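Structural features, examined
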Amino acid sequence: MPDSPDFPPPSLRVLLIDDGAHRIALIRDELTRLGCEVLGVVELATLIHDCVQRLKPDVVIVDSESPTRDTVEMLATVSETLPRPVVMFSEDGSGETMRRALKAGVSAYVVDGLRAERLAPVLQVAIARFEQDLALRQELGRAQAQLAGRKSVERAKGILMSELGLDEDAAYKRLRRLAMDRGEPLAAVADRVIDAHSLLRPG
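The following paragraphs examine the structure supplied in this document. Within every chain, residues take consecutive numbers counted from 1 along the sequence as written. Only residues with pLDDT of 70 or above have their local features reported here, since the model is predicted, and side-chain atom pairs are shown and tallied only from 80 upward, although totals for entire chains, interfaces and linings are computed over all residues. Side-chain calculation: all heavy atoms of the structure are included, whereas hydrogens and water are not.

A few words on helix H6 (residues 168–182). Only DSSP runs of H or I with at least four residues qualify as helices, and only runs of E with at least two residues qualify as strands; both kinds are numbered from the N terminus onward. Expected span of a helix: the number of residues minus one, times 1.5 Å. Spanning 15 residues, H6 covers 21 Å between terminal C-alpha atoms, matching the ideal 21 Å at 1.5 Å per step. Along H6, the residues that are buried comprise Ala171, Leu175 and Ala179. Around the axis of H6, the buried residues are gathered within 75° of arc, so they sit on the same side. Residues of H6 that are exposed and point over 90 degrees away from its buried face: Met180 and Asp181. At the C-terminal side of H6, glycine 183 shows a positive phi close to 65°. Between buried and exposed lies partly exposed: a residue is buried under 20% and exposed over 50% of the maximum accessible area for its type, with that area taken using a 1.4 Å probe on protein chains only. It is the directions from the helix axis to the C-beta atoms that the arc portrays.

Let us now look at the sheet that holds strand S4 (residues 86–90). At least two bridges found by DSSP between two strands are what make those strands a pair. With respect to topology, five strands assemble into an open sheet ordered S2-S1-S3-S4-S5, the strand pairing being parallel. Looking at strand neighbours, the two that pair on one side only are strand S2 (37–42) and strand S5 (108–111), the edges of this open sheet. Between one strand axis and the next, the sheet turns by 20° as a mean value, whatever way the strands run. Sheet analysis places strand S3 (residues 59–64) next to S4, joined by five bridges and oriented parallel. Opposite valine 60, over in S4, you have valine 86 as the bridge partner. Axis lines are fitted to C-alpha atoms, over the contacting stretch for helices. Their N-to-C directions set the angle, which ranges from 0 to 180 degrees.

Let us now look at the packing of helix H1 (residues 24–34) against helix H5 (residues 119–164). For any two helices packed against each other, one specifies the inter-axial angle together with the distance between the axes. Put simply, H1 and H5 touch, their axes get as near as 10 Å, and they point 80° apart. Taken together, the axes of H1 and H5 lie roughly perpendicular to each other. Touching Ile27, Glu30, Leu31 and Leu34 of H1 are Leu119, Ala120 and Leu123, all from H5. Residues are grouped as follows: nonpolar covers Ala, Val, Leu, Ile, Met, Phe, Trp, Tyr, Cys and Pro; charged covers Asp, Glu, Lys and Arg; every other residue, Gly included, is treated as polar. Across the contact of H1 with H5, the residue classes tally to six nonpolar, no polar and one charged. The labels follow the angle: roughly parallel below 35 degrees, roughly antiparallel above 145, roughly perpendicular from 65 to 115, and oblique for the rest. Every residue pair with non-hydrogen atoms within 4.5 Å of one another is taken to be in contact.

Attention now goes to the side chain of threonine 71. Its place among the elements puts threonine 71 in helix H3 (residues 69–81). Dropping the residues within four chain positions of it, threonine 71 is found in contact with Asp19, Ala45, Ile48 and Val62.

Once that is clear, we can look at the pattern of salt bridges. The salt bridge definition used is simple: a Lys or Arg side-chain nitrogen within 4 Å of an Asp or Glu carboxyl oxygen. Inspection of every chain in the model, using the stated rule, returns 10 salt bridges. Salt-bridge contacts for glutamate 168 lead to lysine 157; the nearest nitrogen and oxygen are separated by 2.9 Å. Of this pair, glutamate 168 sits in helix H6 while lysine 157 sits in helix H5; the two residues are 11 residues apart in sequence, bridging distant segments of the chain. With a relative accessible area of 44%, glutamate 168 lands in the partly exposed category. Salt-bridge contacts for lysine 173 lead to aspartate 169; the nearest nitrogen and oxygen are separated by 3.2 Å. Here lysine 173 and its partner aspartate 169 are both found in helix H6, four residues apart, which amounts to about one turn of the helix.

In C-alpha cells:
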C-alpha cells in the first residue's frame, strides 16, 4: 500500500467490533473524518462471521479491553473463510494475548495506542501486511498443489508400468496423451488413474 496522504481511500468500507473497551465512538468519528464508510458496529462476538459475510468490509477494526476467547475464535474463522485485514486496539499487552490474536489472523495489534491521528497509518500498515501474508499463502498453496500433482503423476505412472508392462517413459507418454485427449491437466488424469486402480484393486 503506497504511503500517500490520500490513504485511507474514501471508499474504504470498515466494520467495527466492540469488544468492551468503549472507544468505538472515537474510532467511528475518526473514520468518518477520513472519509471511510462505517458499515456498522458488532457487539456480540457470535455475530462477527455473519456480519463479515453479509457486509463484506474491506477492513475489520476490533476495539478491545482484552480480546475475549469468543472474539478470537470468530476472528480465526473469518481468517480461514473470509480473509481480510483486521486491526485490533487492545489494552492487554501480554505476549500470550498478542500471539493468540495474531495467530487468529489479526494484521495489526496495537496496545494503548488509540489516538485519532494514528488510525490512518495503522490501517495502512495492516492492509499492507495482510496483502503480503495473503500473497505468501497463495504462493504456498500453489507450491503444495504442484507437489501433490507431481506425486499423483508418479503414482499413476507406477500403476501403468505395473498393470500394462510399460517402461517409465511410455507410461508418462500414455498419461500425457490421455490428458491431451480429454483436455484436462495431467495431475487430474493421474488422479483418475489412481482412483480407477483403487476401485479395481482395493487394498
